[in-house]
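Reading the structure
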Amino acid sequence: MPRLVVVSNRVAIPDPTGKGSAGGLAVALREAFQAYQGLWFGWSGRVSSHPSPEPKMVDKGNVHYALMDLTSIDRQEYYNGFANRALWPNMHYRLGLSEFSRADYAGYLRVNRSFANALVRMIRPDDLIWVHDYHLIPLAAELRALGVTNRLGYFHHIPWPAPEVFGTLPGSRELLRSIADYDLVGVQTDLDADNLRRAIMQEVGATPQGSDVLVLNGHRTRVKGFPIGIDVKGFQQVARRAPAHRVVTQTLASLGSRSLIIGVDRLDYSKGIPERMESFERFLVSNPDQRGRVTFLQIAPTSRSEVPEYASLSRTASETLGRINGTLGEPGWVPIHYVTSAYPRSVLASLYKIARVGLVTPMRDGMNLVAKEYVAAQDPNDPGVLVLSKFAGAAHQLTDALIVNPNDKFEVAEAIREALHMDLDERKARWQRMMKTIQDYDVSWWADAFLKDLSGYTGTSKARNRVRIGG
Ligand code: ADQ
């Protein structure tokens, strides 16, 4: 059995209390590591003035964690700069927000190279190497340059935009050439896979072989959709427990007989939070009988606050909230409740379950796990309704949600009305079909499918000469 080596920007070490991070990637990879001895390599999250070129090792169970510190310039250029100010907006179709700087791009390449230099010493010949997300696209090229011949897989968690959009980014050709150094590239949807394959063919001249394989300089790369799932059973279990947390009991008490609509997202412009508030406003304006009878709770923990566009979004969200609550609120009723805390998974699960409507309306999203969590948490005998953006990867699977265009506030308002009035039979029928999909394609399916494909796949037509590196 080969060892699994996972590489991601941040590493989620389980905490000793067992309550550890319940973030999507942490849960997903915990599943993957159950079947393998493993090594998880990445940034420690710490900044230091003289980081060691060797990772700090932490051992937990069958997984070794290898943690690299960064300098503050590294963090600025690689993470805040190129990854989050150039790649992220480009890949979410926000070209006006994409800020390219040569220094940031150089920092991005530098950190990828230093990660490869540290990692290469730890790799064994039969390791399966699975790299995650847009921070680390060039890692394969760096590892190959150091003589690594192992199977290299990459999973891209965010959308892969149309080639015409990605092509606007300086450096995009170089990134496409390096992505072709992986053996298997997984993306969230077939549309993303098609976009990426077209870009690699049009921009750097790869030739197709069959439906999902591309050949560039004699190396074969398979590009394929692997929609990420959630831990459905785990989520159902926590949702079934009685709501013990103060946040849940207070929410229930303050609601009284009102219906709850819920939104849960990191505070990110891709999630469409101010736009969603305005759609709810439109709903209240068009349906005056609903005023005082429904409350919208938006949970949006702050993220990437060092990036200027996020600080500006935070101001816009607060201003939109204040305006709507000021104009439409009444003594004894606040239309929108807005909180910026992170909550334990059990609290989110209970709130999802209480909510009549899950409002998941990103402007663009790779998958959107909240949509799946909302479905998993519902009471089978009285499920709520999911309103879902057509621009979330999840919309490709959850076709029984009320699918909306988040740019059209009238359409979203109408979907909220329809959701609140939907009869029980229809709610159950839609929920059962969505539940089947998220159960069939849960997080274990995702990790198994990717790793099975990666381990059974050879990137070269001829077997590579294996060199033994590390130990
Ligand atoms: P994100 O952009 O972070 O993920 P999402 O898929 O919705 O988006 O995952 C967010 C996770 O954080 C969910 O598990 C959610 O429960 C949790 N979360 C959100 N708000 C929280 C809060 N207040 N407290 C606690 N937990 C909270 C990226 C891509 C997505 C892709 C995922 C996984 O942008 O498109 O679905 O990776 O591949």
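The structure reproduced in this document is the subject of the present report. One numbering rule holds for all chains: residues counted from 1, following each sequence as written. Reporting of local features is limited, given that this is a predicted model, to residues whose pLDDT is at least 70; pairs of side-chain atoms are given and counted only at 80 or more, and all residues count toward the totals for whole chains, interfaces and linings. To get the side-chain values, all heavy atoms of the structure are used, and hydrogens and water are removed first.

1. Remarks on the pairing of strand β6 (residues 152-155)
Note on exposure labels: buried denotes an accessible area under 20% of the residue type's maximum, exposed denotes more than 50%, and partly exposed covers the range between, all computed with a 1.4 Å probe on protein chains only. Numbering of helices and strands starts at the N terminus; helices are DSSP runs of H or I of at least 4 residues and strands are runs of E of at least 2. Of the two faces of β6, the one carrying Leu152 and Tyr154 and the one carrying Gly153 and Phe155 are both buried. By the bridge criterion, 4 bridges tie strand β5 (residues 128-132) to β6 in an arrangement that is parallel. For isoleucine 129, the partnering residue across the bridge sits in β6 and is leucine 152. Handedness is read with the strands pointing away from the viewer; a crossover is right-handed when the path from the first strand over the helix to the second is clockwise. As for the winding sense of the linkage, the β-α-β connection from β5 through helix α4 (residues 139-145) to β6 is right-handed. What makes two strands pair is DSSP finding at least two bridges between them. Here β6 pairs with strand β7 (residues 184-187) via 3 bridges, running parallel. Looking at the pairing, glycine 153 lines up with leucine 184 of β7.

2. Focus on the site of the ligand
Close contacts around the ligand come from 22 residues, with His157, Tyr343, Asp365, Leu369 and Glu373 the closest. N or O atoms within 3.5 Å of each other form a polar contact, as long as, within protein, one can give a hydrogen and the other can take it, and as long as residues adjacent in sequence are counted only when both atoms are side-chain atoms. One nitrogen or oxygen atom from the side chain of lysine 271 is found 3.0 Å from an oxygen atom belonging to the ligand. Starting from 720 Å² of accessible surface for the ligand in isolation, the protein chains cover 86%. At the level of secondary structure, the elements contributing two or more residues to the shell around the ligand comprise α12 (345-354) and α13 (369-377). A total of 3 residues in the shell around the ligand trace back to one element, the largest contributor, which is α13. Each residue belonging to the shell around the ligand can be placed in one class, and the counts come to 13 nonpolar, 5 polar and 4 charged. By convention here, the domain bounds are inherited from an automatic or database domain assignment. In terms of domain composition, the shell around the ligand takes at least three residues from each of domain 1 (4-229 + 445-455) and domain 2 (232-440). Near residues are defined by distance, with any heavy atom within 4 Å of the molecule or strand qualifying the residue. Every accessible area reported is derived by Shrake-Rupley at a probe size of 1.4 Å, with residue values counting cover from the shown protein chains alone. Ten residue types, Ala, Val, Leu, Ile, Met, Phe, Trp, Tyr, Cys and Pro, are classed as nonpolar, four, Asp, Glu, Lys and Arg, as charged, and the remainder, Gly among them, as polar.

3. Some words on the nonpolar core
Counting 90 residues, the largest nonpolar core has Leu87, Phe115, Ile137 and Leu139 as the members making the most contacts within it. Counting contributing residues per domain, this core is built from domain 1 (4-229 + 445-455) and domain 2 (232-440), each supplying no fewer than three. Counting residues in hydrophobic clusters, the runner-up holds 64 residues, among them Leu128, Phe155, Ile230 and Ala376. Nonpolar cores were defined as sets of buried Ala, Val, Leu, Ile, Met, Phe, Trp, Tyr and Cys residues, with membership established by side-chain atoms within 4.5 Å.

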